[in-house]
Every structure is written in structure tokens, then in C-alpha cells.
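Geometric and topological summary
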Amino acid sequence: MLRSGHVIVCAVLALLCIGVVMVNSAGMEMAPLGLGAQVSVDSILLSRSSVYMALAMFALGVVAMLPVGRVAENAAGTSEEGRHATIPGLILGVVAVLTVLALVYLPGLSRERNGSHRWVALDLPGVGPLSVQPSEIAKWATIALLAWYLARRGPEIRKFCSGLLPAFVACGLIIVVILKEDLGTGVLVAMATGCMLVAAGAKVWHLLLPVCAAAGAFVAAVIAEPYRLKRLETFMDPYVDPQGAGYQMIQSMATVAGGNGWGRGLGNGLQKFGYLPEDTTDFLFAIICEELGIFGAAVVAALYALVLWAGVMIVRREQNLMLKLMGLGFLATFGFQALINMLVVTGWAPTKGIPLPLVSSGGTGWILTAASLGVLVAMDRGHAMAERVDEAEPEAMGLPA
């Protein structure tokens, strides 16, 4: 019988396959006449994106086999000593996440791109140069850390000072550091953590202060960087600066419209040849729309919806509070990221550097996203094992099942 976990695995594999094919298609360049096909089946299978897909599926499989239920029960203990260790544990977790984020400022490791310090450059023997985005690690780690804290606190989260405030301060510090270099990811983490706090039972009126503070931090982050203000201005009218800040949005919408509903055909897109910037990363969905048309875009959107539906089914059955909140946070992050990217690409939201999960080129993002969804698969696996035990008990006692 096909379970929700199987649905997630199949949908993730389908998204990664689409990502590998479309990244290679978007990465095509004009070649001199007579040199033959630039992209072939062999070149796709041997590409770096195929290696990342294999690593992502391996990460999903490894995490899916972990006894996450037992780990969560031990981590979210309810003893009095455990409760006293919650705040020190939260502080250590925040320090660890901030340390990871600070790696982008270390000389020799930091890699600057388009004026932003978001990447850490590594040169691994036998692999070659790799770029790791610490904000991707911080994004998923913050969800896990908050789920652990909320499970430890339990009903006390309804109290502002002893319950909600430490969570707000911890997540706020991480989000502010992320906002400095990556506004889109910072907003994404804020949205996901907000959903988790509401689901954990935090009072809505208690959340007004954090929301106001988060809004203030967002405004400050926008004002601090002139290019972000320009993006908001060109979102309202991209032709205010068609060769500057509005260029990306204009070319993205032209790429989407170029598909004419049915698409130009796989590999036959035109905008990828020097017109659309970031065509293999943040704006790959525009290439999908151009080459595969409405049908291709609908298939991608349906796969995301399938992952979210299956994930919700798993979270609803979960009894462990930490896993329940962690699963919700992972799904919220995954869903919001996909939605924001599609809105940006189609011109319904200001331009942000948020990739399409499991599709846009990016090794760190693919591997960590797949691993986070592997937690949901492990939860479903635990449910299946519990159901088999429940069915076996009456039979062992000689009673009808």
C-alpha cells in the first residue's frame, strides 16, 4: 500500500529530475556551427547537478531510516532537570547557528557574489571547488531548534516572559543576522517560525510584539540597502529603470510569456542565451514556463502540492510534539519558499534571491531540503511500524484483529 512517505519520496525524486534536466537546459550556450549537440543524455548524467541529485536522494534515504521518534523523545524530555536545561540548550543552539552564519565573513572562506557575502568556498580533494550557503544550514537548523524548545516548554509557551520571549529572542537574533545578507531567506524563516509558534499554542496577542519587531527589522533591512528600495520601486513599475533594477523582472515576465501557453519545447528556449540573468538558479521557473509551457509549470506546482499534502497527512498522525512541530516547520519552509519563488518569477512579488526548492541549481539547498523531508518520511515509517505492532498484538493473544 502506498503511504504518504512513499508519495514524498516519489515527488522529491520527480522534482530533482526536473531540476537536473532544466538546469542543464538553462545552462546551454551558443556553440560554433558543426560542434554537435552541447547537451546530451551523457552530459546530463555526468553533470554536477546529477551528482547533487544523487547526494540529495542519499541524504533523504539516510534520514528516513533514522529512529526519529526515539531521538525526539529523548531530546524533548519532560523531567524537571530537563526543563531547567532548556534555556542553556537554547543559548548553545543559537550560538552554534550564529557561528555557522559568521563563516561567510572569514577571510579565505568567504565568497562574494553580486555584492553579498552568502557563500563559503571549499576546495575538496577529488571533488573540486564547492560553494556552501550557511544560511541554508541556519534555515533548517532554526526550525529544529525551535521545535525542540517548544516541545520542552509545552503549555508554558502561552506565558509571555517564560515561554514565548526566549523563543522570540533566539529566533530574532538568527533572523536579523540572516537578513543582513539574505533578505529573502530571513523573511522565509520568520514566516515558518511564526507558523510554529501559533501551532504550539502561543497567544495571538502575545505575538503582536514580535510581529511589530520583525516588521521593524524588515523595514530597517530594506532601508539599509539602497538596491532593496529600488527593487520595491521597480516592482510597482519595472520600466522606471528597465536597464537596471527593473531588467530582471522584465526579462522574467518576457520569458514566461514566451512560452505562449504550450511552450517552445525542451531546450528551445531563447531567453537563456544571455537575456535572463540567474536562469539556472532563482529564475529557473521562468525557463520551465518558456520551454514546457503551462503544462510543465502545472506539473511542478502539482508536485509541490503533493509533497505538502502528504506531509500534512503525516504531521496530523504524529503524536510526538517535537516531531509534529518540526514537520510543520519543514513543510511551511518548503511551501513558502516554492510559493515566493513562483510569485517573484511571474511578477507578483518583488525580486528576491530565493531559489525554487529541489529544482533551482544549488547543491546545499537540494541536499538539506531533501534531508528535511526525509524526517517526514521517517515519521511515516514510524507510524507504519506502530500500526504493524498494533495489528500483531491481538493475533498474539489469539484474538481477532
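Residues numbered from 1 in each chain as written. Predicted model: local features only at pLDDT ≥ 70, side-chain atom pairs only at ≥ 80, totals over all residues. Heavy atoms only, no water.

Observations regarding the pattern of salt bridges
Rules: For salt bridges, the criterion is a side-chain nitrogen of Lys or Arg within 4 Å of an Asp or Glu carboxyl oxygen. The secondary structure listing takes helices from DSSP runs of H or I that are at least 4 residues long and strands from runs of E that are at least 2 residues long, numbered from the N terminus.
A complete count under the given rule lists six salt bridges for this structure. One salt bridge in this structure joins Arg3 and Asp380, with 3.2 Å as the shortest N-O distance. Separated by 377 residues along the polypeptide, Arg3 in the segment before α1 (4-26) and Asp380 in helix α15 (residues 363-396) bring together distant segments of the chain. Taken together, the salt bridges that share partners define one network made up of Arg3, Arg317, Asp380 and Glu387.

Some words on helix α9 (residues 183-199)
Short version of the rule: Under the convention used throughout, the expected extent of a helix is 1.5 Å for every residue step, that is, one less than its residue count. Burial classes: relative accessible area under 20% of the type maximum marks a residue as buried, over 50% as exposed, and values in between as partly exposed (1.4 Å probe, protein chains only). Between two residues, a contact is recorded if the distance between any of their heavy atoms is within 4.5 Å.
Helix length check: α9 (17 residues) gives 25 Å between terminal C-alpha atoms against 24 Å at 1.5 Å per residue, within 8%. Those residues of α9 not exposed but buried are Leu183, Gly184, Thr185, Gly186, Leu188, Val189, Ala192, Thr193, Met196 and Leu197. Residues of α9 that are buried in the fold lie against α7 (134-153), α8 (160-181), α10 (208-224), α11 (226-236) and α14 (321-345). In the stretch just after α9, Gly201 is the one whose phi turns positive, near 105 degrees.

Some words on the nonpolar core
Convention followed: For our purposes a nonpolar core is just a set of buried Ala, Val, Leu, Ile, Met, Phe, Trp, Tyr and Cys residues, chained together by side-chain atoms within 4.5 Å.
Ranked by internal contacts, the top residues of the largest apolar core, which has 98 residues, are Phe285 and Tyr304. Among the elements that take part in this core, helix α13 (residues 284-317) stands out by supplying 14 residues, more than any other. Apart from the residues within four sequence positions on either side, Phe285 is in contact with Ala297, Val300, Asn341, Met342, Val345, Thr346 and Leu356.

A few points about the packing of aromatic side chains
Just so we agree on the cut-off: Each Phe, Tyr or Trp ring, with Trp reduced to its six-membered ring, pairs with another whose centre is within 6.5 Å; inter-plane angles below 30 degrees give stacked pairs, above 60 give edge-to-face pairs, and intermediate values give tilted ones.
Taken as a whole and assessed by the stated rule, the structure comprises two aromatic pairs. Plain terms: the ring middles of Trp140 and Phe330 are 5.5 Å apart, the flat faces sit at 70 degrees to each other, and that makes the pair edge-to-face. Note that Trp140 is positioned in helix α7 and Phe330 in helix α14, a separation of 190 residues in sequence. Side by side, Trp140 and Phe330 carry an identical accessibility label, which is buried.

Things to note about the packing of α1 against α13
Filter applied, for reference: Here the axes come from fitting lines to C-alpha atoms, over the contacting stretch only for helices, and the angles between their N-to-C directions go from 0 to 180 degrees. With respect to orientation, any angle under 35 degrees is reported as roughly parallel, any angle over 145 as roughly antiparallel, any angle of 65 to 115 as roughly perpendicular, and every other angle as oblique. Two helices that cross are described as forming a left-handed crossing if the nearer one is turned anticlockwise from the farther one by less than a right angle, and a right-handed crossing if clockwise. Here the term charged refers only to Asp, Glu, Lys and Arg, the term nonpolar to Ala, Val, Leu, Ile, Met, Phe, Trp, Tyr, Cys and Pro, and the term polar to all other amino acids, Gly among them.
Interaxial distance between α1 and α13 falls to 9 Å at its minimum, and their mutual angle equals 160 degrees. Classified by the interaxial angle, the pair formed by α1 and α13 is roughly antiparallel. Crossing handedness for the pair α1 and α13: left-handed. Of the residues that constitute the contact of α1 with α13, the class distribution is 22 nonpolar, four polar and two charged.

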